[in-house]
Amino acid sequence: MAQVTKRIGLSLGADLCWPICYEEIVKALALDLPVGKDRVRFETARVSIDPFSLRDPCRYDLILDRVTHWYSTSREYIKKAVLMDDLYVLNNPFSIQAMEKHSTYAAMMRLGFPIPETWMIPPKDYDWTEDLKTTLRSYAHFFDLGEIGSRIGYPLFMKPYDGGAWVGVSRIEDEGALRAAYENSGKRVMHLQKAVHPFDLFVRCIGVGPQTRIIKYEASAPLHARYTTEKGFVDAEEARLLEDMTLTINTFFGWDFNSCEALRKDGTFYPIDFANACPDSQVTSLHFHFPWLVKAKVRWSIFAAATGRRMRKTMDWDPYIAIADERGMPFRERLAAYAKIARKRLDEAAFERFCAKHLAHLDEVAWTFFGTPRAKEAVRLKVAALFPGHEVEEFTERFWAAIQRWREEEGRPS
Ligand SMILES: Nc1ncnc2c1ncn2[C@@H]1O[C@H](COP(=O)(O)OP(=O)(O)OP(=O)(O)O)[C@@H](O)[C@H]1O
Ligand SMILES: [Mg+2]
């Protein structure tokens, strides 16, 4: 029996809180697992930014990556390691780079999801390039923005086709506002999307591997209060629908970790933003839900690293498309069929067996850890990075109290 150490790398940006909790919990789990013919232990390390030869062997078995969408050096290190060293990474960087919001809307429309009517319009302004004038003169046509607006209907949203973090998003009530927003949109390529209006529920469904958590979201609340702690806002059928949607999206794009935003109107959930392959992980937004996320990341990454799970490098969309193309199937049935593929791709059954066998003590370890000064320090670090000095104490206590409420609700695991 060989002793093997699996190395889990954390490739981080402004992530201060969850990595500390993740590292401490993995350490406290003290895993030494019999896997096949080996005994497997785990080590965590922060992925640093260094020059590298493309032929250097990768030092990690699995990386949890949080900067792919903006930091190219580590992204390219990870890409070379996937190609050359069979690294497993959350999330697939090739897919993140290629799939902006726009492609995710298109793909899920193809699968029959009720995505609101969405148009793309050419940008108002351009960076000058040698060929710009000729290209625009030859191919750009005048178009009637007002007519597009009335075809979509008001209210509608103008938002960047590749957006995130609410940058450049505006809600538009009429043609005058649409024209004004377009005048001010600069070089960004924009979508116009019919508003789901009025909606009676806004949820975010987070997926980590096959694990999901549905949270009621208050988009108009201040940042620290958008994830609510309400319960019972969806019934079992709705919960299954949201989970099925999320896992379908995530496996379609090869994202193990993503969140899907959906709005409910007249009993239908309309997904409006699900290209979030670097979803919020900070205690300052997740508060009460933060321990769930840390535990979910621990479970999935340990499972993937321990079992030598192979990363799906190519997307393989055909099985989903085949279902989409079947005639006369109601959407809910189709979605169930997509989700079956999703759960299979995520090895849900094997994952659950693995957790029951090897990670049964995680509940106890995490419950204990989230009561320690080290956990509180992790919270304070993130708060200090985001809040003005005079609010650090107040908000540290507020997020800490939310975590303690989570502990109370969980109850000490036996
Ligand atoms: N079609 C829509 N119907 C109703 N509300 C919408 C729609 N599209 C966007 N919104 C509102 O605008 C907000 C921002 O839009 P969206 O999520 O697409 O952009 P984002 O830049 O990804 O923002 P974030 O980072 O907050 O998710 C949503 O949280 C929602 O409140
Ligand atoms: Mg959003």
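All of these numbers come straight from a predicted model, not from anything done at the bench.

Conventions adopted
- Residues numbered from 1 in each chain as written.
- Chains lettered and ligands numbered in written order.
- Predicted model: local features only at pLDDT ≥ 70, side-chain atom pairs only at ≥ 80, totals over all residues.
- Helix = DSSP H or I, 4+ residues; strand = E, 2+ residues; numbered from the N terminus.
- Rg over C-alpha atoms; globule rule 2.2 N^0.38 Å.
- Buried ≥ 20, exposed ≤ 12 C-beta atoms within 10 Å, placed from the backbone.
- Axes fitted to C-alpha atoms, helices over the stretch in contact; angles between N-to-C directions.
- Parallel < 35°, antiparallel > 145°, perpendicular 65-115°, else oblique.
- Left-handed = near helix turned anticlockwise from the far one by under 90°.
- Contact = placed C-beta atoms within 7 Å.
- Near = placed C-beta within 6 Å.
- Nonpolar A, V, L, I, M, F, W, Y, C, P; charged D, E, K, R; others polar.
- Domains from an automatic or database assignment.
- Pairing = 2+ DSSP bridges.
- Core = buried A, V, L, I, M, F, W, Y, C linked by C-beta atoms within 7 Å.

Draft legend 1. Molecular detail of the overall build of the protein. Counting its regular elements, the protein contains 16 helices and 13 strands. At 23 Å, the protein has a C-alpha radius of gyration in line with the 22 Å of a compact globule built from 414 residues. When the backbone C-alpha atoms are referred to their principal axes, the protein occupies close to 70 × 50 × 50 Å. When burial is assessed residue by residue, the protein has 38% of its 414 residues classed as buried.

Draft legend 2. Geometry of the packing of helix H6 (residues 145-152) against helix H7 (residues 175-183). Closest axis-to-axis distance for the H6/H7 pair is 10 Å, and the angle between their directions is 125°. Put simply, H6 runs oblique to H7. Along this stretch, H6 crosses H7, giving a crossing that reads as right-handed. Residues Leu145, Gly146 and Gly149 of H6 form the contact with H7, whose own contacting residues are Glu175, Leu178, Arg179 and Tyr182.

Draft legend 3. Representation of the site of ligand 1. Taken together, 17 residues lie around ligand 1, and Gly163, Ala195, Val196, Ala219 and Asp273 are the ones closest in. Mapped by element, the contributors of at least two residues to the shell around ligand 1 are strand S7 (156-160), strand S12 (257-265) and strand S13 (268-273). Among the residues making up the shell around ligand 1, the classes are represented as eleven nonpolar, three polar and three charged. Counting contributing residues per domain, the shell around ligand 1 is built from domain 2 (100-116 + 199-276 + 314-346) and domain 3 (119-194), each supplying no fewer than three.

Draft legend 4. Spatial organisation of the pairing of S7. S7 sits mainly inside the fold: four of its five residues count as buried. In the sheet, S7 pairs with strand S9 (residues 190-194) via five bridges, with the strands oriented antiparallel. Among the inter-strand pairings, Met158 is bridged to a residue of S9, identified as Leu192.

Draft legend 5. Layout of the domain arrangement of the protein. Here the protein is partitioned into domain 1 (2-98), domain 2 (100-116 + 199-276 + 314-346) and domain 3 (119-194). When each unit is reduced to the centre of its C-alpha atoms, the spacing between domain 1 and domain 3 is 39 Å.

Draft legend 6. Structural context of unusual backbone geometry. A cis amide bond links Leu90 to the next residue, Asn91, at an omega of 0°. Residue Pro198 is bonded to the preceding His197 through a cis peptide linkage, with omega at -10°. Unusually for a residue other than glycine, Asp266 sits at a positive phi of about 50°. Looking at where Asp266 falls in the secondary structure, it is placed in the loop between S12 and S13. The class for Asp266 is exposed, based on 8 C-beta atoms found within 10 Å. Residue Asp316 is not a glycine yet carries a positive backbone phi of 55°. Examined against the element boundaries, Asp316 turns out to sit in the loop between helix H10 (290-306) and helix H11 (318-324).

Draft legend 7. The arrangement of the nonpolar core in detail. In this structure, Cys21, Ile25, Ile63, Met245, Ala262 and Val294 are the most contacted members of the largest nonpolar core, which totals 101 residues. Residues contacting Ile63, with those up to four places away along its chain left out, are Gly9, Ser11, Val47, Ile78, Leu87 and Val89.

Draft legend 8. Local environment of the environment of Glu100. In this structure, Glu100 sits in the loop between helix H3 (93-98) and helix H4 (101-110). Judged by local crowding, Glu100 falls into the partly exposed class, with 17 C-beta atoms found within 10 Å. Between the alpha carbons of Glu100 and Ala275 there is a distance of 6.5 Å; along the sequence they are 175 residues apart. When near neighbours in sequence (up to four residues on either side) are disregarded, Glu100 contacts Tyr161, Asp162 and Ala275.

Draft legend 9. Representation of the sheet that holds strand S10 (residues 201-208). Judged by pairing direction, the sheet is antiparallel, and its four strands sit side by side in the order S11-S10-S12-S13 without closing on themselves. Of all the strands in the sheet, the pair left with one neighbour each is strand S11 (211-216) and S13. Direction aside, the axes of adjacent strands within the sheet are offset by 30° on average. In this sheet, S12 lies alongside S10 in antiparallel orientation, the contact comprising eight bridges. What sits directly across from Leu201, in S12, is Arg264.

Draft legend 10. Expanded view of the sheet that holds S9. Here we have four strands laid out as an open sheet, ordered S6-S9-S7-S8, and antiparallel in their pairing. The outermost strands of the open sheet, each flanked by one partner alone, are strand S6 (118-121) and strand S8 (170-172). When strand polarity is set aside, the average angle formed by the axes of neighbouring strands in this sheet is 25°. One ladder, built from four bridges, connects S6 with S9; its direction is antiparallel. The residue bridging Met120 from the neighbouring strand is His191, located in S9.

Draft legend 11. Spatial organisation of the packing of helix H15 (residues 373-386) against helix H16 (residues 392-410). Where H15 contacts H16, the two axes come as close as 9 Å, and the packing angle between them is 135°. With respect to H16, the element H15 is oriented oblique. Once H15 is placed against H16, the crossing between them reads as right-handed. Here H15 contributes Lys376, Val379, Arg380, Val383 and Ala384 to the contact with H16, which in turn contributes Val392, Phe395, Thr396, Phe399 and Trp400. The residue inventory of the contact of H15 with H16, partitioned by class, reads seven nonpolar, one polar and two charged.

Draft legend 12. Looking closely at the environment of Ala225. Structurally, the position occupied by Ala225 is in the loop between S11 and helix H8 (236-253). Here the alpha-carbon distance between Ala225 and His287, two residues 62 residues apart in the chain, equals 8.7 Å.

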